[in-house]
Number of protein chains: 4
Amino acid sequence: MTVSGPSHLGAAPDKSESEHWAQWAKAEPIWDWPGGKHVAVTITFDVDAETGAFSMGDEYLQRLATLSEARFGVVRGVPRILDLFRRFDLKTTFFVPGWTAENYPHVIESILKDGHEIGHHGYVHTSVNKASPDVQREEMERGFEALESVGAPRPRGYRNPGGEMTAETTALLHEFGFLYDSSFMGDDRPYVEKHGEIELLELPWHWSLDDWPYFGFAADYGGNTVTAETWRQNMWDEYEHARDEHRAVNIVCHPEFSGRGYRFKQLEALLAAIVADSQAWIPTMEELARHVKPKLWPVGAEGVRGDGKTKARGTHLETTGDDGRKNQYSGDRAGI
Amino acid sequence: MTVSGPSHLGAAPDKSESEHWAQWAKAEPIWDWPGGKHVAVTITFDVDAETGAFSMGDEYLQRLATLSEARFGVVRGVPRILDLFRRFDLKTTFFVPGWTAENYPHVIESILKDGHEIGHHGYVHTSVNKASPDVQREEMERGFEALESVGAPRPRGYRNPGGEMTAETTALLHEFGFLYDSSFMGDDRPYVEKHGEIELLELPWHWSLDDWPYFGFAADYGGNTVTAETWRQNMWDEYEHARDEHRAVNIVCHPEFSGRGYRFKQLEALLAAIVADSQAWIPTMEELARHVKPKLWPVGAEGVRGDGKTKARGTHLETTGDDGRKNQYSGDRAGI
Amino acid sequence: MTVSGPSHLGAAPDKSESEHWAQWAKAEPIWDWPGGKHVAVTITFDVDAETGAFSMGDEYLQRLATLSEARFGVVRGVPRILDLFRRFDLKTTFFVPGWTAENYPHVIESILKDGHEIGHHGYVHTSVNKASPDVQREEMERGFEALESVGAPRPRGYRNPGGEMTAETTALLHEFGFLYDSSFMGDDRPYVEKHGEIELLELPWHWSLDDWPYFGFAADYGGNTVTAETWRQNMWDEYEHARDEHRAVNIVCHPEFSGRGYRFKQLEALLAAIVADSQAWIPTMEELARHVKPKLWPVGAEGVRGDGKTKARGTHLETTGDDGRKNQYSGDRAGI
Amino acid sequence: MTVSGPSHLGAAPDKSESEHWAQWAKAEPIWDWPGGKHVAVTITFDVDAETGAFSMGDEYLQRLATLSEARFGVVRGVPRILDLFRRFDLKTTFFVPGWTAENYPHVIESILKDGHEIGHHGYVHTSVNKASPDVQREEMERGFEALESVGAPRPRGYRNPGGEMTAETTALLHEFGFLYDSSFMGDDRPYVEKHGEIELLELPWHWSLDDWPYFGFAADYGGNTVTAETWRQNMWDEYEHARDEHRAVNIVCHPEFSGRGYRFKQLEALLAAIVADSQAWIPTMEELARHVKPKLWPVGAEGVRGDGKTKARGTHLETTGDDGRKNQYSGDRAGI
């Protein structure tokens with residue numbers, strides 16, 4: 001007898017993957033955040049500009065008011081955000097679609113001038129789950145080309161525009177040798193997103209930590225209308241929870257949403273409160289990735305680089321944290 | 001003349017059912033909660049893992065990020081929840097789809113190790129109102145087989161994935177002899193969900209006491225963005241109301257929603273407040289079912305077991321509570 | 001040249017109707033609420049039971065869990081509401097579809113036993129804007145027949161199920177001689193809803209004063225998840241505003257929504273606060289209608305009765321309130 | 001290779017436009033608000049009446065209850081708003097569709113009598129992104145004719161009904177020589193909305209400062225149910241942020257939404273708080289436009305008038321504020 005409703009049976013992970021998640025679920029990594037900090041906080045920005053509207057369909061090319069709303073992100077949002085991080089002398093990561101970089105090169109310039117990281121965010125915000133493999137490849141390649149054309153260093157990290165991933169996208173990340181990905185939601189700690197032979201160093205995000213569900217609104221689709229303080233309260237509670245667990249927390253904002261006046265006040269208040277708490281390490285995504293990578297793989301493994309060494313995982317099991325404590329995650333995995 | 005709009009006239013309950021509900025509406029059962037407690041509280045969990053995404057259509061099989069979001073429930077959510085209940089030395093009930101059990105057997109193992117109950121939750125979260133009778137039967141049978149294959153005791157209770165029920169599902173529950181069901185919303189007290197000859201011992205739920213409406217969010221469908229404290233405030237008010245009425249209250253959570261950091265803090269706070277109030281009996285669903293069954297049926301009746309004896313209901317009318325008080329519900333039903 | 005987008009030009013009110021609303025907009029009726037009260041408050045209930053689900057399509061006839069959710073209204077909601085009003089010794093109005101009356105006659109019986117008013121709410125909650133004239137007529141006629149069959153007095157008031165009205169519905173109200181209607185939203189004071197020759201004594205409602213937008217939730221459609229206190233806060237603010245304007249306010253609830261535990265607590269709190277304020281007259285809808293009718297029409301006019309006398313309106317312009325003050329509304333209309 | 005997903009490549013602004021936004025992003029205009037005030041506040045109203053429902057499709061012409069809900073705006077909303085502004089001796093701007101003016105001429109009369117400005121809001125609220133060029137032109141022309149027919153001065157400003165703009169709409173604004181537009185969202189300061197040769201003096205709005213997302217609700221589409229205080233809190237926070245930046249803030253309300261009792265209380269409270277703060281200049285939109293125009297263009301340029309002089313922008317670069325300070329924006333643009 002066969003279940004004839006959803007034809008999902010092929011989706012079952014094989015037993016080795018199941019075992020992988022079973023082990024990881026029990027892991028208690030010791031992250032040893034620099035400076036003895038208790039939590040690693042990244043507040044990162046997706047600089048979509050008009051590409052977010054493009055991805056809603058060709059009809060939106062004629063919608064000049066909607067496009068102007070999106071443009072607000074690069075005209076008003078990014079400068080405010082840069083100023084905010086400058087005031088606190090902090091660096092963070094901006095994920096920029098290629099189209100945005102080509103059309104607003106001054107945005108790239110100003111981000112780089114302040115010492116921030118630029119990540120890959122596709123070319124025109126195409127939803128990968130609706131795109132052919134060819135389009136996905138073009139999105140990847142043109143994203144690189146565009147960033148290079150305006151003088152950005154080759155990005156080391158990727159965040160998918162739209163928040164979805166397919167097997168093709170995962171394979172492309174592997175092929176192009178990213179240091180880290182920030183598109184999956186399988187944990188609230190840095191982790192290894194494993195799909196068969198492909199293993200991605202994952203700095204995860206989640207809708208509940210993204211400002212779009214809180215602030216996005218379109219005449220055709222609606223949206224929520226909570227106070228901006230509601231957003232801050234949830235983010236702060238997540239911060240406290242992450243701090244108690246000594247883990248990382250990754251908050252995702254968009255300049256066209258959180259760069260608006262009354263919301264930006266709450267972003268300022270959130271960052272000020274985190275800084276004042278004195279317990280947070282606030283790195284760029286790349287810095288975070290470099291710090292956690294040896295905690296997640298044994299020495300010598302190469303993460304997503306696709307060099308075949310990742311299968312060596314599990315043979316070198318013991319790592320030692322900066323404070324001399326054994327890396328319990330590796331310990332837990334000794335039995336694999 | 002015939003109403004030609006909705007062709008609903010066939011849906012009218014016959015007079016005997018109408019009378020059933022009229023009597024029950026007047027009933028004031030004395031539940032006699034163990035230990036003299038004033039309220040029975042169950043906080044129960046549906047461990048869907050990827051099956052929730054499966055039920056949204058085959059397209060979701062390719063959506064690796066969405067699937068990773070669902071996987072969070074078994075990797076991060078369940079361990080947190082188990083830890084929480086361990087701290088309070090409490091047992092509760094997890095409803096687990098067969099697919100989840102087969103693919104994450106460690107989840108079943110860890111739930112059982114801590115002494116919790118496992119309930120039936122279908123096989124792959126198929127929406128029964130969109131499924132053929134054959135698919136419904138397969139969902140039921142494979143759900144049993146999968147739980148058995150990973151060492152779980154045969155489940156005594158059922159909660160429908162998706163929150164809907166059809167006549168076929170109700171007949172299957174009857175046929176398979178469940179002790180209780182937790183899929184209907186016809187009362188906020190334990191009650192008898194009656195459909196013709198079939199009578200189910202019902203431990204009801206409701207959307208307003210489920211965390212999905214509060215926390216679920218998908219790019220294609222949207223969702224709400226209240227603070228997690230909003231959820232807790234409503235749950236606590238429901239608890240107080242149930243306590244004042246000396247009834248039961250059944251809160252339904254999903255590890256992939258309430259297991260997220262800032263929400264989990266509120267789940268912890270809710271449970272801590274209920275425990276501190278010292279007036280709640282906090283059983284598993286099976287314990288609750290065994291306690292209320294004799295209050296709802298006279299001695300000797302067999303509930304949903306399908307042995308024909310349920311029709312004897314109404315012939316033995318008087319039961320006596322633990323404290324010697326007459327069971328007023330039985331009294332009320334004397335006239336049936 | 002013709003606007004070829006929406007073909008709405010025929011919808012323009014003629015100048016006499018425009019002038020009608022211009023005059024009414026300037027009116028400041030003196031309502032002279034009984035007992036010198038400053039505000040008239042009606043908290044009224046639509047007892048849909050399963051008919052609300054019926055109106056969502058035939059598919060819902062198979063959805064037993066959704067139907068049980070709707071049934072909650074008559075099993076749990078109405079008894080709680082009756083008890084609440086009994087405690088305060090208040091009478092209100094329940095709008096009951098014919099199907100509900102036929103299938104739950106005990107609900108009608110208990111409402112009448114407590115001295116409340118029963119209004120017409122159609123037969124099976126058919127959306128009039130999707131119904132043929134014949135179906136609309138049948139809804140009206142069977143609604144009357146069903147209420148009569150279970151011993152209810154012939155209803156004097158009507159509220160449309162679903163909150164829409166068409167020209168056919170308006171004509172039916174006129175033909176059947178209702179004292180008042182409560183389906184339009186053109187004012188927040190009692191007023192005359194005028195459509196050509198037809199004039200309805202209107203006791204208006206509005207979505208912002210209805211509990212469905214706050215509490216309704218369905219798996220297929222979603223819904224909001226604010227705290228129940230949010231609902232109460234808005235209702236109380238409306239009460240204060242109505243009190244300051246010495247007008248009426250009409251709050252609409254559904255037993256299956258507001259009869260749920262944590263929401264019911266807020267309904268209780270709202271009513272308790274209004275009673276404690278000592279400035280509210282809390283009548284049934286019929287009492288309110290009888291009180292305001294002479295303020296809205298000159299002596300001798302017959303409202304919606306369809307006897308042709310309504311056109312006499314405007315020839316007798318002066319009425320005098322209970323306290324001897326001139327009815328300014330009539331005064332304002334002297335120039336018509 | 002060509003991206004074959006969204007065919008958006010034609011949407012790329014040319015480099016001169018990109019440079020325009022780059023310069024403007026860096027601009028820090030000194031607005032020199034009259035009276036030394038720190039912020040310019042406009043609370044403006046779109047008096048749609050039934051036209052909002054018309055734009056939802058011909059079906060809505062039969063929906064009498066929905067139409068009555070819309071009519072509330074002119075019967076109850078506008079009078080309340082006029083009274084509020086009279087109490088504070090303030091003038092503001094009402095954007096009125098032609099249909100509303102023709103059918104409720106008393107509304108135009110009462111707005112003008114109190115000295116407020118009337119802006120162009122189309123004829124029947126047609127969504128320009130769904131309309132042909134001919135329909136768009138007719139909307140524009142009939143809007144003018146209708147306002148003229150009821151004695152309104154020729155409007156100097158335009159706000160698009162529905163909040164969208166196309167190239168045709170932009171060209172029409174240019175052709176008809178409006179002083180200002182209030183339909184784009186590209187900044188939260190007054191700015192120049194540039195589309196090729198066309199440059200509009202823009203007094204921008206945004207959904208987050210519009211009351212429809214907060215209060216709009218329809219049975220077919222749903223809506224949000226926050227407290228009205230939530231709206232006020234966000235608006236006040238935006239006010240504070242604008243005051244800190246010495247910029248303008250433009251709040252958009254609809255009489256049928258914010259004119260409802262409990263919401264109107266918050267509108268009153270918001271305006272009272274702003275007045276009490278003593279730091280706001282509260283002009284009409286036209287007054288604001290006349291004040292900011294010379295800050296945005298050099299002396300002699302003609303804004304959107306279409307006289308060819310707008311291209312002279314950038315050749316006269318220095319302006320001086322009322323207090324003798326150099327206009328930094330012009331200064332910033334010296335290098336163009």
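Residues numbered from 1 in each chain as written. Chains lettered and ligands numbered in written order. Predicted model: local features only at pLDDT ≥ 70, side-chain atom pairs only at ≥ 80, totals over all residues. Heavy atoms only, no water.

1. Re the overall build of chain A
When helices and strands are tallied, chain A shows 13 helices and 11 strands. The buried share of chain A, reckoned over its 336 residues, is 64%. Summarising the internal contacts of chain A: among those between residues at least 6 apart in sequence, 71% fall at separations of at least 24. As displayed, chain A offers around 11,200 Å² of accessible surface, 49% of which is attributable to carbon and sulfur atoms. (Helix = DSSP H or I, 4+ residues; strand = E, 2+ residues; numbered from the N terminus. Buried < 20%, exposed > 50% of the residue type's maximum accessible area, 1.4 Å probe, protein only. Contact = heavy atoms within 4.5 Å. Areas by Shrake-Rupley, 256 points an atom, 1.4 Å probe, with all protein chains shown as cover.)

2. With respect to the interface of chain B and chain A
Often the size quoted for an interface is simply the accessible area lost on bringing the parts together. Of the residues lining the interface, 47 residues belong to chain B; the matching set on chain A comes to 53 residues. Approximately 4,400 Å² of surface area, both sides summed, lies buried where chain B meets chain A, with 55% of it carried by carbon and sulfur atoms. It is L64, T225 and Y262 of chain B that lose the most area in chain B upon contact with chain A, and together they represent 16% of the buried surface on that side. One can count eight salt bridges joining chain B with chain A. (Buried area = accessible area lost by both parts, 1.4 Å probe. Salt bridge = Lys/Arg side-chain N within 4 Å of Asp/Glu carboxyl O.)

3. Remarks on the relation of the copies chain B and chain A
Between the two copies, chain B and chain A, the superposition gives an RMSD of 0.0 Å; the rotation angle is 90° and the shift along the axis is 0.0 Å. What the superposition gives is, in effect, a four-fold axis relating one chain to the other. Mapped onto chain A, only 4% of the interface residues of chain B again fall at the interface, so the copies present different surfaces. (Least-squares fit on C-alpha atoms with pLDDT ≥ 70 in both.)

4. Overview of the nonpolar core
I43 of chain A, I43 of chain B, I43 of chain C together with I43 of chain D are the most contacted members of the largest nonpolar core, which has 373 residues in total. Sequence-distant contacts of I43 of chain D, that is, excluding residues within four places in its chain, are made with F85, T92, I251, C253, L267, L270 and L271 of chain D. (Core = buried A, V, L, I, M, F, W, Y, C linked by side-chain atoms within 4.5 Å.)

5. A word on the side chain of S183 of chain A
Within the secondary structure layout, S183 of chain A lies in the loop between strand 5 (180–181) and strand 6 (191–195). Among the polar contacts listed, one links the side chain of S183 of chain A to the backbone nitrogen of N160 of chain A, at a separation of 2.8 Å. Residue contacts for S183 of chain A: discarding those within four places in its chain leaves Y158, R159, N160, G163, M165, E202 and W205 of chain A together with A65 of chain B. (Polar contact = N/O pair within 3.5 Å; in protein donor to acceptor, adjacent residues only side chain to side chain.)

6. Focus on the pairing of strand 7 (residues 198–202) of chain B
All names here are of chain B. Most of strand 7 sits inside the fold, with five of its five residues counted as buried. Here strand 7 shows no split at all, with I198, L200 and E202 on one side and E199 and L201 on the other all buried. Sheet topology places strand 6 (residues 191–195) next to strand 7; five bridges connect them, and they run antiparallel. From the neighbouring strand, Y191 faces strand 7, where its bridge partner is E202. Where strand 6 folds back on strand 7, the antiparallel hairpin that results is connected by two residues, among which G196 adopts a positive phi of roughly 65°. (Pairing = 2+ DSSP bridges.)

7. Considerations on the relation of the copies chain A and chain D
The transformation that overlays chain A on chain D combines an axial shift of 0.0 Å with a rotation of 90°, and the residual RMSD is 0.0 Å. The share of interface residues of chain A whose copies in chain D are also at the interface is only 4%, consistent with the copies meeting through different surfaces.

8. Remarks on the pattern of salt bridges
Charged atoms that come close allow side chains of opposite charge to pair. Under the definition given, this model contains 108 salt bridges over all chains. Across the salt bridge formed by R76 of chain C and D188 of chain B, the nearest N and O atoms sit 2.7 Å from each other. On the criterion of chain membership, the pair formed by R76 of chain C in helix 3 (residues 64–87) and D188 of chain B in the loop between strand 5 (180–181) and strand 6 is interchain, its members lying in two chains. The class of R76 of chain C is buried, set by a relative accessible area of 10%. In this structure D188 of chain B comes out as buried when scored by relative accessible area, which is 7%.

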